[in-house]
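Chains, contacts and geometry: an overview
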Amino acid sequence: MQLVAAVHKDLLLQWRGRAQAIAIFVFGATSLLLFSFAIGPNAEALRQHAAGFIWLALLLSSTLTLAESFQSEMEEHALEGLLLLPADARALYYGKALANWAQLTLLGVALVPLTVVLYDAPLPRAGGLLGIIMLGAAGLSGPGTLYAAMTSQTRAQQTLLPLLLFPLVVPVLLASVKATSLLILGDPMGQLRSWTILLVCFDAIHWSVCGLLFDRVVED
Amino acid sequence: MGVIEGGWEFVWAAYGVTAAVLAGYAFSIHLRYRAERRRRERERSAT
Amino acid sequence: MERNGEMRAYVLGAIGVALLVWGSWWGLFWAPRESFMGDVQRIMYVHVPVAWNAMLALTFAFACALASLLRGGWKWDSRLEAAMEVGVALAVLLCILGSIWAKPTWGVWWDWDPRLTTTAIMVSAFAGILALRHFVDDPVKRATWSAVAAIVAFVDVPIVYFSVRWWNSLHQLQSSPETVSRAFHWPLRINAFGILFLMAGMIDLRARVAALRLEGELAPPLPESGREGVR
């Protein structure tokens, strides 16, 4: 099936470019460190804001991941080559989006131990946290893959990708931070469910809409 | 909430900003339109 | 672009300005003082009309984006550019007015009201799309991509609104200037139509600017003549 082939291709590309992925992780880790300087060595305040920091770090790192995901297609005009094949553009999109989602989830998971250490964040519900990281990463990679495809064909990708993506993913940021915060600090009023539903809705809507529109973005 | 007394400076600020932004922006469209028309006349007369 | 074509835009604008002057005069000097807000409530006579029309402009932009993608044609792309730029201008004005309203009412310059916060996010989103247009030289790609981006951004608006509302509801309960009693209807309506006409004129003229620029881009290169010094 085309989708499986596309995912396989993109995961292979990511594996080959794992040096880049490690560099992005270092970037994310450094960001986590720098954020703490904004608050100061106040353990209580740091713990309160841990959820916000990890998602900000993930958001900033996602621009690097997403921009890089179309690099190989831009070289040697590989994109046109792929489109000439009797392959559905939609399969290309979902393959890329799934691979990006996997990488972002991995990055999120990798940043959790650092968050625990730097911000003294407790981890009572690690399984739930994994779920939120996956949903949030999907919210970033869905529209992010569409915009990465678009902006990689312009001359100002580094500016345009975050400029276009960040306002769009505000709901993901809000919901993920709130949900993570509830998971770390406790959820006395049972609000976790509404935020999770918001994330699921965002992901469902954007993965369908962006998939539908993708072929218009890469056509010649 | 109690009654707000005065506050006219905010009212004037609001109306003033509205007038300034709308007038300024509309005028900028007008200027850009004139510039485009002039450019087109120039290109047409150059052929 | 015939002479009478562009006159339509100026006439619409003139009607709009006249209505705005009338409505604002009424709202500032004739309308009675509101019982709780006092005179500060008069800000509503510009704040609410700008809000309605900003949303209208961006909704029109969404419609133009759909038309541009589904039906094609350059005029929809020009209208899209115009509607987005005018919409962003009005939305920025709306955020400023929201600030001016918030200070005497709530004591802070920004109170994270969901509608205003969503507006601010929409300003970033659509300003970003205008920036995108700037960096794409190929007119066909520019038209397609900005239409795609506009559709995604617009579809996102309700999600953004709800998420901000839930996020904010945990912190403070606030009422926004929603219910307006009968005595205050007329200046509001007049100003709303005033901005509507002015906005229509601005979008019309701005679309012509975009169309003229496009014409310049798509025109075949001029034949070599002996007038290289003239530019």
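Cut-offs applied
Throughout this description, residue numbers start from 1 for each chain and increase along the sequence as written. Labels are handed out in written order, letters beginning with A for the chains and numbers beginning with 1 for the ligands. For this predicted model, a pLDDT threshold of at least 70 governs which residues receive local features, and a threshold of 80 or more governs which side-chain atom pairs are given and counted, while totals over whole chains, interfaces and linings are taken from all residues. Only DSSP runs of H or I reaching four residues or more are called helices, and only runs of E reaching two or more are called strands; each is numbered from the N terminus. Backbone-placed C-beta atoms define the burial measure: a residue is buried with 20 or more other C-beta atoms within 10 Å of its own, exposed with 12 or fewer, and partly exposed in between. Contact between two residues is assigned when their C-beta atoms, built from the backbone, lie within 7 Å. Residues are sorted three ways: Asp, Glu, Lys and Arg are charged, Ala, Val, Leu, Ile, Met, Phe, Trp, Tyr, Cys and Pro are nonpolar, and all the rest, Gly among them, are polar. For a helix, the expected span equals 1.5 Å multiplied by the residue count minus one. Helix axes are fitted only over the stretch in contact, all axes being lines through C-alpha atoms; the angle between N-to-C directions runs from 0 to 180 degrees. Handedness of a helix crossing follows the sense of rotation of the near helix relative to the far helix, less than a right angle counterclockwise being left-handed and clockwise being right-handed. The nonpolar core criterion groups buried Ala, Val, Leu, Ile, Met, Phe, Trp, Tyr and Cys residues into a set whenever they are joined through C-beta atoms within 7 Å. Every residue gets a pLDDT, meaning the predictor's confidence in that residue, from 0 to 100. Any angle that falls under 35 degrees is termed roughly parallel, while one over 145 is termed roughly antiparallel, one within 65 to 115 roughly perpendicular, and all others oblique.

Time to look at the overall build of chain B. Looking only at helices and strands, one finds one helix and zero strands in chain B. Split into buried and exposed, the 47 residues of chain B put 17% on the buried side.

A count of helical and extended segments in chain C gives six helices and zero strands. Its helices and strands in sequence order give chain C the pattern α-α-α-α-α-α, from N to C terminus. Buried residues in chain C amount to 48% of all 231 residues. Taking as baseline every contact in chain C between residues at least 6 positions apart, the subset at least 24 positions apart corresponds to 80%.

Facing 32 residues of chain C, the contacting portion of chain B comprises 28 residues. The biggest single contributor to the side of chain C that touches chain B is helix α6 (residues 185-218) of chain C, with nine residues. The class makeup of the residues in the side of chain C that touches chain B is 19 nonpolar, six polar and seven charged.

In this structure, valine 17 of chain B sits in helix α1 (residues 8-46). Residue class for valine 17 of chain B comes out partly exposed when judged on the 16 C-beta atoms lying within 10 Å of it. For the pair valine 17 of chain B and glutamate 41 of chain B, spaced 24 residues apart in sequence, the C-alpha separation works out to 36 Å. With residues up to four places along the chain from it excluded, the contact list for valine 17 of chain B reads Ile96 and Leu97 of chain C.

In this assembly, 24 residues from chain A lie in contact with 24 residues from chain C. In terms of residues, the side of chain A that touches chain C owes the most to one element, helix α10 (residues 192-218) of chain A, which gives nine residues.

This part covers α1 of chain B. Taking 1.5 Å as the rise per residue, α1 of chain B with 39 residues should run 57 Å; its terminal C-alpha atoms sit 57 Å apart, in good agreement. Among all positions in α1 of chain B, only Phe10, Val11, Ala14, Tyr15, Thr18, Leu22, Ala26 and Ile29 of chain B are buried.

So, about the arrangement of the chains. The interface with the most contacts, out of two pairs of chains in contact, is the one formed by chains B and C. Over all C-alpha pairs, chain A and chain B never come within contact, reaching a minimum spacing of 24 Å.

We now examine the packing of helix α2 (residues 18-39) of chain A against helix α6 (residues 89-119) of chain A. Residue and element names in this part refer to chain A. In the contact formed by α2 and α6, the axes pass within 10 Å of each other and the chain directions differ by 35°. Crossing of α2 against α6: the hand is right-handed. Of the residues in α6, those in contact with Ala21, Ile24, Phe25, Gly28, Ala29, Leu32, Leu33 and Ser36 of α2 are Gln103, Leu107, Ala110, Leu111, Leu114, Thr115 and Leu118. Of the residues in the contact of α2 with α6, the class split is eleven nonpolar, four polar and no charged.

On to the nonpolar core. All names here are of chain C. Grouped together as the largest cluster of nonpolar side chains are 145 residues, with contacts concentrated most on Ile43, Ala57, Ala61, Ala83, Leu90 and Ala150. Of all the elements, helix α3 (residues 74-106) adds the most residues to this core, at 15 residues. Excluding its chain neighbours within four sequence positions, the residues that come into contact with alanine 57 are Ala83, Val86, Gly87, Leu90, Met199 and Ile203.

This paragraph deals with the confidence of the model for chain C. Residue and element names in this part refer to chain C. Here chain C averages 87 in pLDDT, and 87% of its residues register 70 or above. Within chain C, helix α1 (residues 3-30) has the poorest average pLDDT of any element, 89, and helix α2 (residues 44-70) the best, 95. In this model, residues 226-231 is a region of pLDDT below 50 whose contacts with residues beyond four sequence positions or in other chains number two contacts.

Further remarks concern unusual backbone geometry. The phi dihedral of aspartate 120 of chain A is positive, around 55°, even though this residue is not glycine. Structurally, aspartate 120 of chain A can be placed in the loop between α6 and α7 (126-151). In this model, tryptophan 112 of chain C sits at a positive phi of 55°, which is unusual for a non-glycine residue. For tryptophan 112 of chain C, the location among the structural elements is in the loop between α3 and α4 (114-135). You can call tryptophan 112 of chain C partly exposed: it has 15 C-beta atoms within 10 Å.

The subject of this paragraph is the packing of helix α8 (residues 157-168) of chain A against α4 of chain C. Look at α8 of chain A against α4 of chain C: their axes get within 8 Å of each other, and the N-to-C directions meet at 155°. Relative to α4 of chain C, α8 of chain A is oriented roughly antiparallel. For the pair α8 of chain A and α4 of chain C, the crossing hand works out as left-handed. Of α4 of chain C, the residues touching α8 of chain A (which contributes Leu160, Leu163, Leu164, Pro167 and Leu168 of chain A) are Ile121, Ser124, Ala125, Gly128, Ala131, Leu132 and Phe135 of chain C. A per-class count over the contact of α8 of chain A with α4 of chain C returns ten nonpolar, two polar and no charged.

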